[in-house]
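If you want the building blocks of each chain, they are given just below.
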Amino acid sequence: VAIVVGVDLGGTKVQSALVQSRKVIGQGRVRTPSGGADEVVEAILGTIDIALGESKAKRSDISAVGIGFPGQFDASSGDTLGAVNLKGFQERYPLSRKISKAIAGAPVALDNDVRAALLGEYQLGSGRGFKNLLGIFVGTGVGGGLVLDGRVRHGRGASGEVGHTVVMDRGLECGCGRLGCLEAYAGRGRMEVRARQMVEKGEKTILFEIMKKKDRDRLTSGVFAAALDADDRMARRLIDDAVWALGISLASVQNILDLEAIIVGGGLGDRLGAPFVKRVAEAMQPHLFISQNPPELLNTTLGDLSGAVGAALLAAGEGLEVSS
Ligand SMILES: [Zn+2]
C-alpha cells in the first residue's frame, strides 16, 4: 500500500508525517534552520528520514510528497516565490525539484501551509462530519481556511484570511502593515512586540525570564502558557486581548457564513487547549446574531501534526475537491 509523506514547513519547525491508508505511521520534527534554503531542504529530508526510521521504510517506498508552504509559490513549476517568515526563501527557489530528486523522483505537491492544516483536521481530525467550517490557526500569525459545502474554499487564492479581519478601526499595527487586524492582537509575533514595548515603558513581566529559562529566542506558546500558570499580569492582559479580538472576528465570520464548527488550532490554540477555546466561544456570544445557535468551537485533534498530515493527504490526491 502506498506510503505518502507530508511536510509542514514553518518558521519555527519542520515537521513530517508518513501516512499509509489514512493513518500516520511515522513522524519527525526539527527546529527550522536559519542558514538558508539548502539547509532547510536538508532539514526536511532529515525529518522524513526520522519518520521513515520509525516505520522501517525507505525513501524509495514513498510514492508522493506534499509540502505545506508558508508563502507564495508557483504550483505548476513547484518553485517557491517568497515567504516572509522563512529565512532564505525570499527569492524563487526550486523546492519541489530538490525534494523530488532526493526522494527517488517522487512527485511533489505544494500548497499553502494553513490550507494543508485545515485539510488534515477536516479529513482526519476534529472537522470530520462537518460540511461547513472554519479552521483558525493562532500562531506567530493568525491563519485561516474555510470548508464550505464540503469543499475547501480557495476563492481567487486568498480565501479564509480571518487573521486580517478588522477588529478595531485604526487599532494596533498588524504584521501585514495595516491597522486593527485580528492578528495584531492575537498573533504571537505582534503580542511579543507589544510585550517588549510595555517592558520598555517599565512594566513588569516574567515572560522574558521564562523565555530564557526555556532556551527560546521568542515568546512561544509554551512561554505564554507558563507565564499564565504563574499568573503573570502582562501575559494575562495579552491573552485577554487575544480572546477579545478572536471573539469579535469569529462572531462576524459566523454571522456571514452560519458555520457548523470552528476549529481553533495553531501554537496558542493547541497549547492553551480547551479552556482557551471556551473563553473564545464566550467572547463571541454577545456578537452573534443568532445567539441561541452558535457553531461548535473545537480544539484540533491532530495538534501540531495537522499541517503535515494535511500535506500528506494532498500528496495522496485526497481532499482535492476544491471550490473556487
Ligand atoms: Zn493584517
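Residues numbered from 1 in each chain as written. Predicted model: local features only at pLDDT ≥ 70, side-chain atom pairs only at ≥ 80, totals over all residues. Heavy atoms only, no water.

### Examining helix H3 (residues 113-124)
Then, in step 1: Between its terminal C-alpha atoms H3 stretches 16 Å, which fits the 16 Å expected from twelve residues at 1.5 Å a residue.
Then, in step 2: Burial analysis of H3 places eleven of its twelve residues in the buried class, which makes it a mostly covered element.
Then, in step 3: Residues of H3 that are buried include every one of Val 114, Arg 115, Ala 116, Ala 117, Leu 118, Leu 119, Gly 120, Glu 121, Tyr 122, Gln 123 and Leu 124, and no others.
Then, in step 4: The N-cap of H3, judged by a side-chain oxygen 2.9 Å from the amide nitrogen of Val 114 a few residues on, is Asn 112. (Helix = DSSP H or I, 4+ residues; strand = E, 2+ residues; numbered from the N terminus. Expected span 1.5 Å × (residues − 1). Buried < 20%, exposed > 50% of the residue type's maximum accessible area, 1.4 Å probe, protein only. Polar contact = N/O pair within 3.5 Å; in protein donor to acceptor, adjacent residues only side chain to side chain.)

### Side note on the coordination of the zinc ion
Reference values for angles at a metal are 109.5 degrees in the four-donor tetrahedral case and 90 or 180 degrees in the six-donor octahedral case.
Then, in step 1: Every protein donor of the zinc ion is accounted for by His 164 (ND1), Cys 174 (SG), Cys 176 (SG) and Cys 181 (SG), and the metal-donor separations fall at 2.0 to 2.4 Å.
Then, in step 2: For the zinc ion, the four donor atoms in the first shell make angles of 105 to 116° at the metal, a pattern classed as tetrahedral.
Then, in step 3: The sequence pattern formed by the donor residues of the zinc ion is H-x9-C-x1-C-x4-C. On the criterion of sequence distance, the pair formed by His 164 in the loop between strand E10 (151-153) and helix H4 (182-186) and Cys 181 in the loop between E10 and H4 is long-range, its members being 17 residues apart. (Donors = N, O, S within 2.8 Å, 3.2 Å for Na, K, Ca; no water. Tetrahedral: all angles 85-135°; square planar, octahedral: opposite > 155°, others 65-115°.)

### Quick notes on the side chain of Asp 111
Then, in step 1: Counting through the fold element by element, Asp 111 comes out in strand E7 (residues 108-112).
Then, in step 2: Within the structure, the side chain of Asp 111 is placed 3.3 Å from the side chain of Arg 115, a separation counted as a polar contact.
Then, in step 3: Other than its neighbours up to four places away in sequence, Asp 111 contacts Ile 67, Gly 68, Phe 69, Phe 73, His 154 and Leu 314. (Contact = heavy atoms within 4.5 Å.)

### With respect to the environment of Asp 74
Then, in step 1: Positionally, Asp 74 belongs in strand E5 (residues 72-74).
Then, in step 2: In the structure, Asp 74 is positioned 18 residues away from Arg 92 in sequence and 9.1 Å away in space, judged by C-alpha atoms.
Then, in step 3: With residues near it in sequence (within four places) discarded, Asp 74 still touches Asp 79, Leu 81 and Arg 92.
Then, in step 4: Within the structure, the side chain of Asp 74 is placed 3.1 Å from the side chain of Ser 77, a separation counted as a polar contact.

### Some remarks on the sheet that holds strand E2 (residues 13-20)
Then, in step 1: The mixed open sheet is built from five strands, whose spatial order is E3-E2-E1-E4-E7. Edge positions in the sheet fall to strand E3 (23-31) and E7, since each of these pairs with one other strand and no more. Ignoring strand direction, the axes of neighbouring strands in this sheet form an average angle of 20°.
Then, in step 2: Pairing analysis gives five bridges linking strand E4 (residues 62-69) to E7, with the strands arranged parallel. Looking at E7, one finds that Phe 69 is bridged to Asn 112.
Then, in step 3: Sheet strands in contact with helix H1 (residues 37-55) are strand E1 (3-9), E2, E3 and E4, and its direction is about 140° off that of E3.
Then, in step 4: With respect to the sheet, helix H2 (residues 95-102) is in contact with E1, E4 and E7, its orientation differing from that of E7 by roughly 140°. (Pairing = 2+ DSSP bridges. Axes fitted to C-alpha atoms, helices over the stretch in contact; angles between N-to-C directions.)

### Section: the nonpolar core
Then, in step 1: Of all hydrophobic cores here, the largest spans 49 residues; its most connected members are Leu 134, Ile 136, Leu 182, Leu 207, Phe 224 and Ile 262.
Then, in step 2: Examining the composition of this core, we find that twelve residues originate from one element, helix H8 (residues 233-257), more than from any other.
Then, in step 3: With 29 residues, the next largest nonpolar core counts Val 5, Val 14, Ile 62 and Ile 99 among its residues. (Core = buried A, V, L, I, M, F, W, Y, C linked by side-chain atoms within 4.5 Å.)

### Points about the pairing of strand E11 (residues 261-265)
For a regular strand, side chains alternate in direction, first toward one face of the sheet and then toward the other.
Then, in step 1: For E11, a buried count of five out of five residues is recorded, marking the element as mostly surrounded by other parts of the structure.
Then, in step 2: Side chains of E11 alternate between two faces, with Ala 261, Ile 263 and Gly 265 and Ile 262 and Val 264 buried alike.
Then, in step 3: In the sheet, strand E8 (residues 133-138) pairs with E11 via five bridges, with the strands oriented parallel. By the bridge assignment for E11, Gly 135 is matched with Ile 263.
Then, in step 4: The pairing of E11 with strand E12 (residues 296-299) spans four bridges and is parallel. Residue Ala 261 lies in a different strand from E12, and its bridge partner there is Glu 296.
Then, in step 5: Taking the sense of rotation as the criterion, the β-α-β connection linking E11, helix H9 (residues 266-284) and E12 turns out right-handed. (Right-handed = clockwise from strand over helix to strand, strands pointing away.)

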